[in-house]
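Working through the structure, step by step
Residues per chain are reported as follows:
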Amino acid sequence: RYELKDFSRFGYIGIFVVNFISSSTIFLPLPGAVSVFIGGAVWNPLIVGVVSGIGTAMGELFSYFLGYGGRVFLEKIETKGGWIRKVEKYFQKSGFWTTFIFALIPLPIFDVIGVIAGAVNYPVGRFFLAIVIARIIRNILFAFTGAGIFG
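All residue numbers refer to positions counted from 1 along the written sequence of the respective chain. Only residues with pLDDT of 70 or above have their local features reported here, since the model is predicted, and side-chain atom pairs are shown and tallied only from 80 upward, although totals for entire chains, interfaces and linings are computed over all residues. Where side-chain values are given, they derive from all heavy atoms of the structure, hydrogens and water being excluded.

Regarding the overall build of the protein
The number of helices and strands found in the protein is eight helices and zero strands. Ordering the α and β elements of the protein from the N terminus gives α-α-α-α-α-α-α-α. The buried label applies to any residue whose accessible area, calculated with a 1.4 Å probe on protein chains only, is under 20% of its type's maximum; exposed applies above 50%, and partly exposed to all values in between. Out of the 151 residues belonging to the protein, those deemed buried represent 38%. When checking whether two residues touch, look at their non-hydrogen atoms; a contact exists if any pair is within 4.5 Å. Once local pairs closer than 6 in sequence are excluded, the contacts in the protein between residues at least 24 apart make up 79%. For the accessible areas, the method is Shrake-Rupley and the probe is 1.4 Å, while residue cover comes only from the protein chains on display. Carbon and sulfur atoms make up 74% of the accessible area of the protein, which amounts to about 8300 Å² in all. The secondary structure listing takes helices from DSSP runs of H or I that are at least 4 residues long and strands from runs of E that are at least 2 residues long, numbered from the N terminus.

Here's what the structure looks like:
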């Protein structure tokens, strides 16, 4: 069992790693969010938010590349409706803001957005930029909330 003081030995690198691993596993974001919340009480909440936001964004690339690799499978199962092309057109038009908004909201369904973005060949640079900005903002808010409650 860890006490809050034991958590501090891992530092900002620990916050980065926990958030990277947490977001690279599909549908398991809880340890990352908790580390940001508690980390904000232990260290500088602004730095915790930035470091964890970058780690989370990098981890989310796993779901993107899972979707990117699954594109061939989707094309094989698609029926006459052409829904892949419709989603692809939507992402080309509104993918940045869709990604940004879903990355800002603390819901585990974000992995689905990553898979879809990869499957429709949405540019990985734009996908990553939307996530990193949104997750830094979100995690700064989490860290300052943790600092306000536990600090």
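As for the pattern of salt bridges
Put simply, a salt bridge is a Lys or Arg side-chain nitrogen that is within 4 Å of an Asp or Glu carboxyl oxygen. Evaluated as defined, the whole model comprises two salt bridges. A salt bridge links E60 to R135, with the shortest nitrogen-to-oxygen separation between them at 3.3 Å. Of the two residues, E60 sits in helix α4 (residues 45–69) while R135 sits in helix α8 (residues 124–150), which places them 75 residues apart along the sequence. The exposure classification of E60 matches that of R135, with both residues buried. In this structure, the salt-bridge partner of E88 is R85, at a minimum N-O distance of 3.4 Å.

Brief notes about the nonpolar core
Formed by 18 residues in total, the largest nonpolar core has its most connected members in F91, F110, A117, Y122, F127 and I131. Ignoring sequence-local partners within four residues, the contact set of I131 consists of A57, E60, T99, A103 and F110. The next biggest cluster of nonpolar side chains, apart from the first, holds six residues, and it includes I15, V36, W43 and V48. Nonpolar cores were defined as sets of buried Ala, Val, Leu, Ile, Met, Phe, Trp, Tyr and Cys residues, with membership established by side-chain atoms within 4.5 Å.

Remarks on the layout of surface pockets
Grid points spaced at 1 Å over the protein atoms alone were grouped into cavities, where a 1.4 Å probe fits but cannot get out, and pockets, open sets with protein on both sides within 12 Å along at least five of seven lines, with lining residues defined by an atom within 4 Å of a point. Grid points are joined across faces, edges and corners, and a volume is the space filled by probe spheres set on the points. Its volume calculated, the second largest pocket comes out at about 160 Å³. Sorting the residues of the lining of the second largest pocket by element identifies α4, α5 (71–77), α6 (83–104) and α7 (110–119) as the ones contributing at least two each.

Notes on the packing of helix α2 (residues 11–24) against α4
Helix packing geometry: the angle between the two helix axes and the distance between the axes. Working convention: axes come from line fits to C-alpha atoms, limited for helices to the stretch in contact. Angles between N-to-C directions cover 0 to 180 degrees. Running from N to C, α2 and α4 cross one another at 30°; their axes reach a closest spacing of 7 Å. As summarised for this structure, α2 and α4 are arranged roughly parallel, according to the angle between their axes. Considering the relative orientation of α2 and α4, their crossing is right-handed. Residues Y12, I15, F16, N19, F20, S23 and S24 of α2 lie in contact with α4, whose contacting residues are I47, V48, V51, S52, I54, G55, T56, M58, G59, E60 and F62. Geometric relationships in this document are graded by angle, where less than 35 degrees denotes roughly parallel, more than 145 denotes roughly antiparallel, 65 to 115 denotes roughly perpendicular, and other angles denote oblique. Whether a crossing is left-handed or right-handed is set by the direction in which the near helix is turned from the far one by less than a right angle, anticlockwise for left-handed and clockwise for right-handed.

Some details on the environment of I136
Inspection of the secondary structure puts I136 in helix α8. In this structure, the C-alpha to C-alpha distance between I136 and G55, residues 81 residues apart in sequence, is 9.5 Å. With residues up to four places along the chain from it excluded, the contact list for I136 reads G49, V50, G53 and I54.

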